[in-house]
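Now for the letters of each chain:
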Amino acid sequence: MSKRGNLFVVSGFSGSGKGTVMKQLCKNEQYALSISCTSRAPREGETNGKEYYFISHEEFVKRQAEGYFLESAIYVNKGYGTPLGFVEENLEAGKDVILEIEMQGALQVKKTYPDTILIFITPPDAKVLRERLEGRGTETQDVIEKRLARAAQECAYMDQYDYIVINDDLDVCVRNITDFINYMS
Ligand code: 5GP
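This text gives an overview of the structure that appears in the document. (Residues numbered from 1 in each chain as written. Predicted model: local features only at pLDDT ≥ 70, side-chain atom pairs only at ≥ 80, totals over all residues. Heavy atoms only, no water.)

Comments concerning the side chain of Ser11
Going by this rule: A run of H or I in DSSP becomes a helix once it reaches four residues, and a run of E becomes a strand once it reaches two; helices and strands are each numbered from the N terminus. The classification of residues rests on relative accessible area computed with a 1.4 Å probe and restricted to protein chains. Under 20% of the type maximum is buried, over 50% is exposed, and intermediate values are partly exposed. Polar contacts, as counted here, are pairs of nitrogen or oxygen atoms within 3.5 Å of one another; within protein the pair requires one atom able to donate a hydrogen and one able to accept it, and residues that are adjacent in sequence qualify only if both atoms are side-chain atoms. Here, two residues are considered to be in contact whenever any of their heavy atoms come within 4.5 Å of each other.
For Ser11, the position within the fold is in strand S1 (residues 7-12). The exposure class of Ser11 is buried, given its relative accessible area of 1%. A distance of 2.7 Å separates a polar side-chain atom of Ser11 from the backbone oxygen of Ile101. Discounting residues that sit within four places of it in the chain, Ser11 has contacts with Lys18, Ile101, Glu102, Met103, Ala106, Ile119, Phe120, Ile121 and Tyr161.

Below, the structure written as structure tokens:
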């Protein structure tokens, strides 16, 4: 029987650039990247089953009640959840699984699987965070302000993470995370 895989959680402020970091990490076939379910609407260019499984709010609540999710959270009024089956199957098959989820969910996962390694990605400073959120033009100003307020709250829990990486230069950030994951595996 192969050794059970490791579970890694990557979190970061909205606008930290973690989506781009994850896309780079995805290229490495040794990792199984979990695709979450969300009740938020797809952004332009997003495809169902690729970035997320886009489901209705009713379906989200139903799946939560059925125990379909390993963890779930409400983030700026929308539901997000990690399918438990995918994570378990891949860990059992000996693969390292990476979840890209926000903090509430990350801390739930750590409770369920205490060996989980938590990685946090942050931009170099608050100004860059705002610039990145505004620059991508995918959210209304109201949602941007809510996401920034959420980032300020999340600062309080950063010390729960095992590894904090500054995303100043994308390649360096991806290399640091890859090296860290390889070191921990
Ligand atoms: P976005 O709407 O920008 O794609 O994601 C918003 C936040 O939800 C991000 O911080 C992202 O990491 C987080 N997120 C994505 N999927 C999940 C999930 O399955 N569970 C939780 N708890 N957070 C998630």
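A closer look at the sheet that holds strand S6 (residues 78-83)
Convention followed: Only strands joined by at least two bridges in the DSSP assignment are considered to pair. As a rule, the C-alpha atoms of each element are fitted with a line to give its axis, helices using only the stretch in contact, and angles between N-to-C directions run from 0 to 180 degrees.
One open sheet holds the four strands; their spatial order is S4-S3-S6-S5, and the pairing between them is mixed. Each edge of the open sheet is held by one strand with a lone partner, namely strand S4 (52-54) and strand S5 (69-75). Taken pair by pair, the neighbouring strands of this sheet meet at an average axis angle of 25°, ignoring direction.

So, the site of the ligand
Note the cut-off: Residues are labelled near a given molecule or strand when at least one of their non-hydrogen atoms is within 4 Å of it. Values of accessible area rely on a 1.4 Å probe in the Shrake-Rupley scheme; residue burial ignores everything except the protein chains shown.
In the vicinity of the ligand there are 16 residues, among which Arg40, Tyr52, Tyr80, Glu100 and Glu102 approach most closely. In the model, an oxygen atom of the ligand is placed 3.2 Å from a nitrogen or oxygen of the Gly81 main chain. Glu102 is positioned with one of its side-chain polar atoms (N or O) 2.7 Å from a nitrogen atom of the ligand. Here the ligand, which alone exposes 520 Å², has 95% of that area covered by the protein. Of all the secondary-structure elements, those providing two or more residues to the shell around the ligand are S5 and S6.

Concerning the sheet that holds strand S9 (residues 163-166)
Pairing in this open sheet of five strands is parallel, and the strands run S2-S7-S1-S8-S9 from one edge to the other. Unpaired on one side and paired on the other, strand S2 (31-33) and S9 mark the two borders of the sheet. Pairs of neighbouring strands in the sheet enclose a mean axial angle of 25°, with direction left out of account. Of the strands in this sheet, S1, S2 and strand S7 (96-100) touch helix H3 (residues 84-92), which is tilted by about 155° from S7. Set on the sheet, helix H4 (residues 103-112) makes contact with S1, S7 and strand S8 (117-122); between it and S1 the angle comes to about 160°.

Overview of the state of the cysteines
As a reminder, the rule being used: Here, a disulfide means two cysteine sulfur atoms that sit within 2.5 Å of each other.
In this structure the tally under the stated criterion is zero disulfides. Between Cys26, a cysteine without a disulfide, and Cys173, which holds the nearest cysteine sulfur, the sulfur-to-sulfur distance is 14 Å. Overall, Cys26 belongs to the partly exposed group, its relative accessible area being 43%. Here Cys155 stays free of any disulfide, with the sulfur of Cys173 as its closest cysteine sulfur at 17 Å.

With respect to the pattern of salt bridges
Our working rule: A carboxyl oxygen of Asp or Glu within 4 Å of a side-chain nitrogen of Lys or Arg is what we treat as a salt bridge.
According to the stated counting rule, one finds 17 salt bridges in the structure shown. Close ionic contact of Glu66 with Lys62 constitutes a salt bridge, the shortest N to O distance being 3.5 Å. Note that Glu66 and Lys62 are positioned in helix H2 (residues 57-66) at a spacing of four residues, about one turn of the helix. Taking the relative accessible area as the measure of exposure, Glu66 reaches 53% and is therefore exposed. Given a relative accessible area of 46%, Lys62 falls into the partly exposed group. Arg130 is paired through a salt bridge with Glu134; the nearest N and O atoms lie 3.1 Å apart. Of this pair, Arg130 and Glu134 both sit in helix H5 (residues 126-136), four residues apart, which is roughly one turn of that helix. Classification of Arg130 as partly exposed rests on a relative accessible area of 33%. One network of salt bridges, in which partners are shared, links Arg40, Arg43, Glu46, Arg136 and Glu139.

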